[in-house]
Amino acid sequence: MSEPNAQVDAAIKGMVGTEYGRTYSWDPVNQPMIRQWCETMDNESPLYHDPEFARQSPHGGPVAPPTMLQVWVMAGLKNRLPPGSTTRSPFEAVEYLRANGFPSTVAVNSEQEYFRYLRPDESISFTAMLESVSDCKSTALGTGYFVTVLMTFLTATDEKVGTMRFRLFVYKAHKEFKPAAAAPADAPAKPSRPHPGISQDTQFFWDGLKQNKLLIQKCKGCGKLRHPPGPVCPHCHSFEWEALQASGRGTVHSFVVMHYPEVPGFPPENPVLLVELEEGTRLVAGLVGIKHADVKVGMPVRVEYQKVDDDLVVPVFRPV
Ligand code: ZN
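Here the structure is a predicted model, which is why all the values come from computation and not from measurement. (Residues numbered from 1 in each chain as written. Predicted model: local features only at pLDDT ≥ 70, side-chain atom pairs only at ≥ 80, totals over all residues. Heavy atoms only, no water.)

**Q** For this particular structure, what's the right way to read the packing of helix α1 (residues 6-15) against helix α5 (residues 92-99)?
**A** Helix packing for two helices is described by the angle between their axes and how far apart those axes are. One can describe the packing of α1 onto α5 by two numbers: an axis separation of 10 Å at closest approach and a directional angle of 175°. If you check the angle between α1 and α5, you find them roughly antiparallel. Mapping the contact onto sequence places Q7, V8, A11, I12 and M15 in α1 and A93, Y96 and L97 in α5. (Axes fitted to C-alpha atoms, helices over the stretch in contact; angles between N-to-C directions. Helix = DSSP H or I, 4+ residues; strand = E, 2+ residues; numbered from the N terminus. Parallel < 35°, antiparallel > 145°, perpendicular 65-115°, else oblique. Contact = heavy atoms within 4.5 Å.)

Structure below.
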């Protein structure tokens, strides 16, 4: 725990438990939004696309993917709320901290819980509560508070259909952010780079990289490929799988350049690619051999293996 400002500390702790009024949705749960969301997420379940399939399913009719929960109450691009919604921000604790010495914010995590499926034509609203504020903490980013807002989603008859906990870190950075000069595109990652969490399900992937092989999990039941690795095939639910060695060729499906916050061990202005392999799966990887300003979606790339240290080799991609 760092030295907190006692006045700010007391004020922010005093806000815990505050409940905020209701925010309504612009539109009821609806099929066009479900279809577009499923398209974006590559969700091809007939439950969401085929009314007849949905009718014969245990749901007895169309339902929305549970993970769309927050979609129904989003304010929209112009951040306007539907009539009748509360005008008090459920994030006033964040705003208070920002105005009182903790100007930076980073979203930490979001946990959703679903109590049942939603059906088309249901109108969803939510209420919010400031559930918790941590003690003043010092992290790699800076010093500040973890703020957790609990949103409860309700139907028009006030039935609770789900919750979401949204956690932010509101902080004062250790040093003022100054963009560093871009590292040469080929610069190796620093040895202090953090290691990924490796589980029994993902071990083979990282072991493969150490042997300069890019492996993709292949279901022995239906033959479909999947990445990131997991214990169960999402298509046929088989637990049996084998590893297929990828050619290493692919294209840039998408990319971001992460400017801030800087992450220790990664270059500043860290480019992160989403590569679509020619086998059809996608993976997140680094970039070498080109300035990030010159990367284009659709650009053909090929894998290389970058040794971080004795225990970690990561895939990086170079334009071909
Ligand atoms: Zn399968």
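**Q** So what exactly am I meant to see when it comes to the side chain of T152 here?
**A** Looking at where T152 falls in the secondary structure, it is placed in strand β5 (residues 142-154). The exposure class of T152 is buried, given its relative accessible area of 13%. Setting aside residues no more than four positions away along its own chain, T152 makes contact with S125, F126, T127, K160, G162 and T163. (Buried < 20%, exposed > 50% of the residue type's maximum accessible area, 1.4 Å probe, protein only.)

**Q** Sorry if this is basic, but what is going on with the sheet that holds strand β11 (residues 270-277) here?
**A** The sheet built from 5 strands closes into a barrel, its strands ordered β10-β11-β12-β14-β13 with mixed pairing. In this sheet, adjacent strand axes meet at a mean angle of 50° when their direction is disregarded. Sheet topology places strand β12 (residues 282-287) next to strand β14 (residues 312-319); 2 bridges connect them, and they run parallel. Following the sheet pairing, L287 is matched in β14 by F317. Each of β12, β13 (300-309) and β14 is contacted by helix α6 (residues 203-210), which is oriented at about 70° to β14, the strand it contacts most. (Pairing = 2+ DSSP bridges.)

**Q** What exactly am I supposed to notice about the domain arrangement of the protein here?
**A** Accessible area lost upon the coming together of the parts serves often as the stated size of an interface. Partitioning the protein into structural domains gives domain 1 (12-29 + 64-173) and domain 2 (203-319). Summarising the inter-unit geometry, the C-alpha centres of domain 1 and domain 2 are found 33 Å apart. (Domains from an automatic or database assignment.)

**Q** Explain the environment of K172 to me, please; I cannot follow it from the model alone.
**A** Position of K172 relative to the elements: it lies in strand β6 (residues 160-173). Judged by its relative accessible area of 49%, K172 is partly exposed.

**Q** Explain the side chain of T18 to me, please; I cannot follow it from the model alone.
**A** Mapped onto the elements of the fold, T18 is located in the loop between α1 and β1 (19-24). Accessibility expressed as a relative area gives 18% for T18, which makes it buried. Side-chain polar atoms of T18 contact the backbone oxygen of M15, separated by 2.5 Å. Excluding residues within four positions of it along the chain, T18 makes contact with R88, E92, A128, M129 and L130. (Polar contact = N/O pair within 3.5 Å; in protein donor to acceptor, adjacent residues only side chain to side chain.)

**Q** Honestly, the packing of aromatic side chains in this entry has me stumped. Any pointers?
**A** Each aromatic ring pair is characterised by the separation of its centres together with the angle its planes make. Tallying each qualifying case throughout the model produces 7 aromatic pairs. Relative to Y145, the ring of F102 lies with its centre 5.4 Å away and its plane at 80°, an arrangement referred to as edge-to-face. Highlighted residues: F102 in the loop between α5 and β2 (104-114) and Y145 in strand β5, separated in sequence by 43 residues. Centroid distance F204 to W241: 4.7 Å. Interplanar angle 45°. Geometry classified as tilted. Residue F204 is located in helix α6, and its partner W241 is located in strand β9 (residues 241-245); the two are separated by 37 residues in the primary sequence. For W241, a relative accessible area of 29% translates into the label partly exposed. Feature note: the residues F146, F169 and Y171 constitute an aromatic cluster, connected by ring pairs. (Phe/Tyr/Trp six-rings, centres within 6.5 Å; stacked < 30°, edge-to-face > 60°.)

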